[in-house]
Amino acid sequence: MRIKPANTADGQSMSDVLDDIFAAGLRKTPGDLQTVLANYIEHPDRIECSVAEGDDGRILGFQSLRYARAGNPYGAPEGWGIIGTHVSPRAARLGVGRALFQATVRAAKDFPIEKIEAAIGAKNPAGLAYYEAMGFRTRRETEVTICKVYHVASRDRQIP
Ligand SMILES: CC(C)(COP(=O)(O)OP(=O)(O)OC[C@H]1O[C@@H](n2cnc3c(N)ncnc32)[C@H](O)[C@@H]1OP(=O)(O)O)[C@@H](O)C(=O)NCCC(=O)NCCS
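Being a predicted model, the structure only gives us computed values, none of them experimental.

Engineer: Explain the layout of surface pockets to me, using residue names and the numbers behind them.
Structural biologist: The space that makes up the largest pocket amounts to roughly 1600 Å³. Thr85, Ile120, Asn124, Gly127 and Tyr131 are, among the 47 residues lining the largest pocket, the residues nearest its centre. Examining the composition of the lining of the largest pocket, we find that 7 residues originate from one element, helix H4 (residues 125–134), more than from any other. A breakdown of the residues in the lining of the largest pocket according to their chemical character gives 25 nonpolar, 15 polar and 7 charged.

Engineer: Just give me the short version of the pairing of strand E5 (residues 115–121), but keep the residues and values in it.
Structural biologist: Strand residues, when the strand is regular, have side chains that alternate between the two faces of the sheet. Where strand E4 (residues 81–87) lies against E5, 3 bridges are found, and the strand directions are parallel. Residue pairing in the sheet places isoleucine 83 in a bridge with alanine 118 of E5.

Engineer: How would you summarise the environment of leucine 65 if you had to cite specific residues and measurements?
Structural biologist: Within the element layout of this structure, leucine 65 appears in strand E3 (residues 59–67). Residue leucine 65 is classed as buried on the basis of its relative accessible area of 0%. Put simply, leucine 65 and lysine 115 are 50 residues apart on the chain and 11 Å apart in space, counted from C-alpha to C-alpha. Apart from the residues lying within four places of it in its own chain, the contact partners of leucine 65 are Asp45, Arg46, Ile47, Glu48, Gly81, Ile82, Thr104, Ala108 and Ile116.

Engineer: Can you lay out the sheet that holds E4 for me, pointing to particular residues and giving the numbers?
Structural biologist: Two orientations exist for strands paired in a sheet by backbone hydrogen bonds: parallel and antiparallel. The strand order E1-E2-E3-E4-E5-E7-E6 describes an open sheet built from 7 strands, whose pairing is mixed. The strands lining the two open edges of the sheet, one partner per strand, are strand E1 (2–5) and strand E6 (137–141). If you compare each strand with its neighbour and ignore which way they point, the axes differ by 25° on average. Both E5 and strand E7 (residues 145–151) contribute to a ladder of 7 bridges, which runs antiparallel. Among the inter-strand pairings, alanine 118 is bridged to a residue of E7, identified as lysine 148.

Engineer: Outline the environment of threonine 8, supporting the account with residue identities and numerical values.
Structural biologist: In this fold, threonine 8 is placed in the loop between E1 and helix H1 (11–23). A sequence separation of 33 residues divides threonine 8 from isoleucine 41, and the C-alpha atoms of the two residues are 6.6 Å apart. Discounting chain neighbours no more than four positions away, the residues touching threonine 8 are Leu37, Ile41 and Glu42.

Engineer: Which residues make up unusual backbone geometry, and what values do they have?
Structural biologist: Omega for the peptide link from phenylalanine 111 to proline 112 comes to 0°, which places this bond in the cis form. Looking at the secondary structure, you find proline 112 in the loop between helix H3 (96–110) and E5. Phi is positive for arginine 93, which is not a glycine, with a value near 65°. Assignment of secondary structure puts arginine 93 in the loop between E4 and H3.

Definitions and cut-offs
Residues numbered from 1 in each chain as written. Predicted model: local features only at pLDDT ≥ 70, side-chain atom pairs only at ≥ 80, totals over all residues. Heavy atoms only, no water. 1 Å grid on protein atoms, 1.4 Å probe; cavity = no way out; pocket = protein on both sides within 12 Å on 5 of 7 lines; lining within 4 Å. Points joined across faces, edges and corners; volume = space filled by probe spheres on them. Helix = DSSP H or I, 4+ residues; strand = E, 2+ residues; numbered from the N terminus. Nonpolar A, V, L, I, M, F, W, Y, C, P; charged D, E, K, R; others polar. Pairing = 2+ DSSP bridges. Buried < 20%, exposed > 50% of the residue type's maximum accessible area, 1.4 Å probe, protein only. Contact = heavy atoms within 4.5 Å. Axes fitted to C-alpha atoms, helices over the stretch in contact; angles between N-to-C directions.

In structure tokens:
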């Protein structure tokens, strides 16, 4: 597996990943190419969007990190990062999400971004467990959504 920045040529494969997640009942909507281009690859607030490519060249998943502007639809504080992770069910639990997050943290440090927020469905145990495992902790929640935050700087200090 290799991790690389997403570009337009990856769009259809990323759309296929979203469709796989939808087909598995883990997402409310499929993701067509235009959605992928607009929301991830060409989003004006993109800090990074990384794809994980399998040894056979197939895209296994992707992760986006966006700059949170005032009034962003997720309600994240201005200046934070907003993260989204999408790994195909056929590649689940193989370390794809973990590898993607290493690239995202590097991008956050370079930008720099000190805090990253993830909005996860309250009924998405895999998503909640994944972000917890990456070091995110709950900061606010409703019945529908749980928002977890990752402190980029404080985590740095723990790594010698
Ligand atoms: C949640 C998701 C991103 C995890 O990606 P992944 O590539 O399977 O995760 P990894 O294999 O890198 O797992 C890293 C760690 O996260 C945790 N984790 C991941 N999936 C888990 C699951 N289904 N149950 C419990 N813990 C899980 C584990 O601690 C895991 O470490 P381990 O395998 O060494 O125990 C992926 O399942 C996915 O894209 N789901 C659909 C979309 C989604 O829910 N996105 C995130 C919330 S919006």
